Amino acid sequence: RMASSQEIQDSDAILAIESRGFIFGSAIAFHSCKPMVVARKPNKLPGKLIMRKYDLEYGSNTLTIQKKSIEKYNKFNIVDDVLATGGTAKCVSDLIISAGKKVTGYSMVVELKELNGRKNLKEPVNSQLLIWDMYYISPKEPAVNPTAQKKLNSRRSLGRELTINLNWVIWPCA
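Model, not experiment: these values are computed from the prediction.

1. Focus: the overall build of the protein
Here's step 1: Helices and strands together make up the secondary structure of the protein, namely six helices and eleven strands.
Here's step 2: Burial analysis of the protein (174 residues in total) assigns 44% to the buried set.
Here's step 3: If you take every contact in the protein between residues at least 6 apart in sequence, the share linking residues at least 24 apart comes to 55%.

2. Describing the pattern of salt bridges
Here's step 1: Tallied over the entire structure, the rule returns six salt bridges.
Here's step 2: Here D81 makes a salt bridge to R20, at a shortest N to O gap of 2.3 Å. Of this pair, D81 sits in strand 5 (residues 75–83) while R20 sits in helix 2 (residues 20–32); the two residues are 61 residues apart in sequence, bridging distant segments of the chain.
Here's step 3: Residue classification places R20 among the partly exposed positions, given a relative accessible area of 45%.
Here's step 4: A salt bridge links D94 to K90, with the shortest nitrogen-to-oxygen separation between them at 3.1 Å. With a gap of four residues between them, D94 and K90 both fall in helix 4 (residues 87–98), about one helical turn apart.
Here's step 5: Taking the relative accessible area as the measure of exposure, D94 reaches 22% and is therefore partly exposed.

3. A few points about the pairing of strand 1 (residues 13–17)
Here's step 1: Counted residue by residue, strand 1 has five buried out of five residues, so it is predominantly covered.
Here's step 2: The side-chain alternation of strand 1 yields two buried faces, one formed by A13, L15 and I17 and the other by I14 and A16.
Here's step 3: Where strand 1 lies against strand 5, four bridges are found, and the strand directions are parallel. Each residue of the ladder has a partner; that of A16, found in strand 5, is V79.
Here's step 4: Both strand 1 and strand 2 (residues 36–39) contribute to a ladder of four bridges, which runs parallel. What sits directly across from A16, in strand 2, is V38.

4. Section: helix 4
Here's step 1: With twelve residues, helix 4 extends 16 Å between its outermost C-alpha atoms, agreeing within 8% with the 16 Å of an ideal straight helix rising 1.5 Å per residue.
Here's step 2: Taken residue by residue, helix 4 has A89, C91, V92, S93, L95 and I96 as its buried positions.
Here's step 3: Looking one or two residues past helix 4, G100 carries a phi angle of roughly 80°, positive in sign.

Reading guide: rules and limits
- Residues numbered from 1 in each chain as written.
- Predicted model: local features only at pLDDT ≥ 70, side-chain atom pairs only at ≥ 80, totals over all residues.
- Heavy atoms only, no water.
- Helix = DSSP H or I, 4+ residues; strand = E, 2+ residues; numbered from the N terminus.
- Buried < 20%, exposed > 50% of the residue type's maximum accessible area, 1.4 Å probe, protein only.
- Contact = heavy atoms within 4.5 Å.
- Salt bridge = Lys/Arg side-chain N within 4 Å of Asp/Glu carboxyl O.
- Pairing = 2+ DSSP bridges.
- Expected span 1.5 Å × (residues − 1).

Spelled out as structure tokens, the structure:
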């Protein structure tokens, strides 16, 4: 389903973000018959690189792309596993644009709507799962509802422990 979006079809190549983006990016590249380029953290790629530093919720990081890997292509679809604040996707987009290339859109597996990362991205975002509501619980604090505690099955750390109840808040995108 991800490989059939118009933004994927309009791209020349798939640009997958380290590291879980590689899993989805390779499948999308295979099914759409397009090459895949990778954006990686520093000191992981050989050759001449373009790089950009970006801020995270808990610090900063840098992403790099091999110059030679994007030479033949003009339009890229950016693939990653999670869209939270949009900082990582925007960093990769800025890298591509600074090289004189175009971004056709973003393909995300999960989007955390409450963090509004989409507002930082100009091109269309296609997310497979939208998480609309998030709530915090401390490891020492019991869940509001004991049944809810048993259903909690996905966690992502954002400074504090952020727990997402997948049974209540994920809606498949139509």
